Amino acid sequence: MKRNLVIGREYEMAELRRSLESDRSEFVIVYGRRRVGKTYLVDNFFNYEYDFSYVGGHRLSKSKQLRNFAKALKKYAHLHLQPKFSSWDDAFDALEEYIEGLPEDKRKVVFFDEMPWIDTPQSEFVEALETFWNGWAARRRDIMFVASGSSTSWMMDKLVENQGGLHGRITNNIYVRPFSLHEVETYIKSRGGSWDRYQMLQAYMIIGGIPFYYSLLNLKESLVQNVDRLFFRKNGELRTEFDELFNALFTNTEKYKSVVTLLNGTRDGMTREEIENGTGMDKSVLSTVLRNLERSDFILRYSQFGNKSKGAIYRLVDFYTLFYYRFIDSFNAQDEEWWSHNFQSPSVCAWQGLSFELVCFMHLTQIKYKLGISGISTAASSWRYTPPKTKKKEDKKEKGAQIDLLIDRGDRFINLCEMKFSVKPYRITDSYEQFLRKRMDIFQEKTKTTKSLVHTFVTTFGVANGQDKSIVNSEVMMDDLFAK
């Protein structure tokens, strides 16, 4: 089978190469958000040439999983009859027997895809996997066992942080991240697309860096036409993706949806205490839910300036989920061209501003590069100040303040970042400049920082009056976010 083009993934492929060329048996896990391209990466690295490959089935019983495993073994081992297994111990025993019959001078590659789906209740799959690896594969020098799965929480709990027989047995841990804007541009060009960067940026604000979603785009059409087709038509492929996404990743999906729904209701993010009060969820259960959502790239946890250990902010950062909640979940009309009719409306413009901020959060490396501070130690955070409640009239005049992105630098500077999405160069009004200066004063007063404060504007097409405004210390534009 012909190998397909792999966009980006240089590090991931280098790690697979290192494990393939190792002089010991390797237990490699490949994980990341659903639809991010894990299977595509592994299949194309190995050119679909495995000594054995098996894909778990979603919500299949143990007996059906074993039957599918037997069918795969019959294919790879060229058996006349399909074996029957009553347990995973028997299945792994048969796999060992087959591999032992392969040439000794050849490295054997075994790939288990969607492994979390294989581990059905009372299946004892993980215990059998432990025996297979510890009792047989790890004692050889020629096995490369690759496990992949979209349920990041399962991959981490059952494999990476396993406290039983697999503890410390993972030899290579490969996390597949969503595409950056640079990789999205490379992908679109590889498919013959001629979209400009503004249209690509808007696409990213809707579907993020998930390669599968980009594979659904018809690049001969505009982005607006694609959004109508994928999201608003009755059978649009991304209209029903939300429920499928959560059902495939999590058990007790309603608990996860309740946290995501709560976070969707605020642009500024929430502390753990605020989430706990908003959901009424048990503390230990909430800890699990937050951890798994963060592992699966649905939420981001970041510190507040000056308070690294407490008061962390959780923010919903999955672009598709945010778009779904904003425009699909509440969409009741039957207009299958709703986006074409409303993409310039005030509600869409407001959403674009918030989504662009998130794009900036996801491209801090590119922002730092443009600012010339890639080699300087930095810490990104947010900051907000809420005046204490008081009955004194003179104190009620005190204003709160918030800064969504701060870059605290080792050279004793702090960049206060303003992120503005606009169809043309952004113009700073006199009143907005005064607002920024007042906010800077509040920040300096409340944090007691002695570092130098500078304003950085991250915009699509620059600041129209940037040179005329002393408030602008540095600029980052849309094109800068597309840097590699």
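Quick summary incoming for the structure in this document. (Residues numbered from 1 in each chain as written. Predicted model: local features only at pLDDT ≥ 70, side-chain atom pairs only at ≥ 80, totals over all residues. Heavy atoms only, no water.)

### Considerations on the side chain of N172
For N172, the position within the fold is in strand β5 (residues 172–175). Accessibility expressed as a relative area gives 4% for N172, which makes it buried. Engagement of the side chain of N172 in a polar contact is seen with the backbone oxygen of E15, the distance being 3.2 Å. The contact partners of N172, leaving out residues within four places of it in the chain, are E15, R18, S19, F27, V28 and I29. (Helix = DSSP H or I, 4+ residues; strand = E, 2+ residues; numbered from the N terminus. Buried < 20%, exposed > 50% of the residue type's maximum accessible area, 1.4 Å probe, protein only. Polar contact = N/O pair within 3.5 Å; in protein donor to acceptor, adjacent residues only side chain to side chain. Contact = heavy atoms within 4.5 Å.)

### Observations concerning the pattern of salt bridges
By the definition in use, this model includes 30 salt bridges. The shortest N-O distance in the salt bridge between D119 and K158 comes to 2.9 Å. Of this pair, D119 sits in the loop between α5 (115–118) and α6 (125–135) while K158 is found in helix α7 (residues 152–160), placing the two residues 39 residues apart along the sequence. By relative accessible area, which is 18% here, D119 ends up buried. Residue K420 is joined to E418 by a salt bridge in which the shortest nitrogen-to-oxygen separation is 3.9 Å. (Salt bridge = Lys/Arg side-chain N within 4 Å of Asp/Glu carboxyl O.)

### A word on the side chain of R439
Mapped onto the secondary structure, R439 falls in helix α20 (residues 430–447). Judged by its relative accessible area of 6%, R439 falls in the buried class.

### What to know about the packing of aromatic side chains
Given two aromatic rings, their pairing is described by the distance between the two centres and the angle made by the two planes. In total, this model carries 59 aromatic pairs according to the counting rule given. On the basis of an interplanar angle of 40° and a centroid distance of 5.5 Å, the ring pair of Y213 and Y320 is categorised as tilted. Of the two residues, Y213 sits in helix α10 (residues 211–215) while Y320 sits in helix α16 (residues 319–328), which places them 107 residues apart along the sequence. Of the two residues examined, Y213 and Y320, each falls in the buried class. (Phe/Tyr/Trp six-rings, centres within 6.5 Å; stacked < 30°, edge-to-face > 60°.)

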